[in-house]
Amino acid sequence: MNDILICSGPYHGNVPPPSEIPRPTVQRLSMYLRELDAAAAEGHNTISSSTIARAFSITDAQVRRDLGCLGQTGRPGVGYQAAALARRIRKALSLDRTWRIAIVGAGKIGTALMGYPQFAGGGFQVIAAFDSNPDLYGTTVADVIVRPLDELAAAIHTDQIELAVLAVPASVAQDVATQLVDAGIRGILNFAPAPLQIDVPVETIDLSRSLEQLAFHVSSV
């Protein structure tokens, strides 16, 4: 089904609840937000739907429909107020607050993410990191101390951690994910190359699959 047809907006006033924004629209809103932040960094107060559309090779009409779901309409010849639109999108994406994160797996991917500077600017704060390797206990990356995995449940409760980044081997990913959910984690960003069978939202980042798809497309050109 075309996501445009199931958008129940436009909304005037309050931002619609996340469940009422189609997932493809949500994905595009994340892209729009980056373009708005870039425009603000360059000192632009307004931005047009055509400028946003060109950045992502989509149509002006698609941009306007997506933003219309949030009750946002641009002024002809002027466009959108960039700062106000960015605030509106952040609210729609539940980024108008700070999300507290645990990183599970302090290997190369995990440690790289512990120091990822865009987390803080995007509304995410890495509170804790965990690993099963005793040699890593007490090591610090970007002011985050690596702790034993058996401290996970207590830390999630005490530190009010809601999201987890899972960067462990595929062989243990399901077991660790289950521990996270049992401890109260509400969503997982999964870097492990394994599907997870759990009852909370999961976003999987499969680097190998992405490279496979890229190789195919390059070979098809």
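Keep in mind the model is a prediction, meaning the values are calculated, not measured.

1. Overview of the packing of helix H3 (residues 49-56) against helix H4 (residues 60-68)
Axis angle and axis distance: for two packed helices, these are the angle between their axes and the distance between the axes, and together they describe the pair.
Working step 1: For the pair H3 and H4, interaxial distance at closest approach is 8 Å and the crossing angle is 110 degrees. Of the possible angle classes, the one that applies to H3 and H4 is roughly perpendicular. Our pair here, H3 against H4, has a crossing hand that is right-handed. Residue-level inspection shows Ser49, Ser50, Ile52 and Ala53 of H3 in contact with H4, the latter providing Asp60, Val63 and Arg64.

2. Observations concerning the pairing of strand E6 (residues 144-148)
Working step 1: Examined bridge by bridge, strand E4 (residues 124-131) and E6 share three bridges and lie parallel to one another. Along E6, the bridge assignment pairs Phe130 with Arg147.
Working step 2: The turn joining strand E5 (residues 140-141) and E6, which pair antiparallel and follow one another in sequence, is formed by two residues; a positive phi near 50 degrees is taken by Ala142.

3. Let's talk about helix H9 (residues 170-183)
Working step 1: For H9, with 14 residues, the first-to-last C-alpha span of 20 Å sits near the 20 Å given by 1.5 Å per residue.
Working step 2: The secondary structure elements touched by the buried residues of H9 are strand E3 (99-104), helix H8 (152-158), strand E7 (163-166) and strand E8 (187-190).
Working step 3: Directly beyond the C-terminal end of H9, a positive phi value near 115 degrees is found at Gly184.

4. A closer look at the side chain of Arg88
Working step 1: Within the secondary structure layout, Arg88 lies in helix H5 (residues 82-92).
Working step 2: Of the side chains with opposite charge, Asp96 comes closest to the buried, unpaired Arg88, at an N-O distance of 10 Å.
Working step 3: Polar contacts involving the side chain of Arg88 include one to the main-chain carbonyl oxygen of Leu70, which spans 2.7 Å.

5. Regarding the sheet that holds E4
In sheet architecture, strand pairing relies on hydrogen bonds along the backbone and comes in two forms, parallel and antiparallel.
Working step 1: Pairing in this open sheet of seven strands is mixed, and the strands run E5-E6-E4-E3-E7-E8-E9 from one edge to the other. In this open sheet, the two strands that pair with only one neighbour each are E5 and strand E9 (202-204).
Working step 2: Strand direction decides the pairing type here: E3 and E7, joined by four bridges, are parallel. Considered in E7, the bridge of Ile103 is made with Val165.
Working step 3: Here H9 sits on the sheet in contact with E3, E7 and E8, set at roughly 170 degrees to E7.

6. Here's the deal with the pattern of salt bridges
Working step 1: Overall, the coordinates contain eight salt bridges when judged by the stated rule.
Working step 2: Where Arg90 meets Asp37, a salt bridge forms, and the shortest distance between an N and an O atom there is 2.8 Å. Pair noted here: Arg90 is in helix H5 and Asp37 is in helix H2 (residues 23-41), with a separation of 53 residues, a long-range link.
Working step 3: A relative accessible area of 22% places Arg90 in the partly exposed class.
Working step 4: Residue Asp37 is classed as partly exposed on the basis of its relative accessible area of 35%.
Working step 5: The salt bridge involving Asp96 is made with Lys91; its shortest N-O contact spans 3.6 Å.
Working step 6: Its relative accessible area of 48% is what places Asp96 among the partly exposed residues.
Working step 7: Through salt bridges with shared partners, a single network forms among Arg97, Glu162 and Arg186.

Parameters and conventions
- Position numbers for residues count from 1 along each chain, tracking the sequence in the order it is written.
- Local features are withheld for residues below a pLDDT of 70 in this predicted model, meaning they are given only at 70 or higher, and side-chain atom pairs are given and counted only at 80 or more; totals for whole chains, interfaces and linings count all residues.
- Water and hydrogen atoms play no part in the side-chain values, which are based on all heavy atoms of the structure.
- Think of each axis as a best-fit line through the C-alpha atoms, taken over the contacting stretch in the case of a helix, with angles from 0 to 180 degrees between the N-to-C directions.
- Each helix is a run of H or I in the DSSP string that is no shorter than four residues. Each strand is a run of E no shorter than two, and both are numbered from the N terminus.
- Put simply, angles under 35 degrees are roughly parallel, angles over 145 are roughly antiparallel, angles from 65 to 115 are roughly perpendicular, and the rest are oblique.
- The crossing is said to be left-handed when, going from far helix to near helix, the turn is anticlockwise and less than a right angle, and right-handed when the turn is clockwise.
- Residues are treated as being in contact if the distance between any of their heavy atoms lies within 4.5 Å.
- Strands qualify as paired when DSSP identifies two bridges or more between them.
- Expected helix span is taken as 1.5 Å per residue step, with the number of steps being one fewer than the number of residues.
- Note on exposure labels: buried denotes an accessible area under 20% of the residue type's maximum, exposed denotes more than 50%, and partly exposed covers the range between, all computed with a 1.4 Å probe on protein chains only.
- Working convention for charge: Lys and Arg count positive, Asp and Glu count negative, and His plus the chain ends are omitted.
- The term salt bridge refers to a pairing of a side-chain nitrogen on Lys or Arg with a carboxyl oxygen on Asp or Glu at a separation within 4 Å.
- Here a polar contact means two N or O atoms within 3.5 Å. Within protein one must be a hydrogen donor candidate and the other an acceptor candidate, and residues neighboring in sequence count only if both atoms are side-chain atoms.

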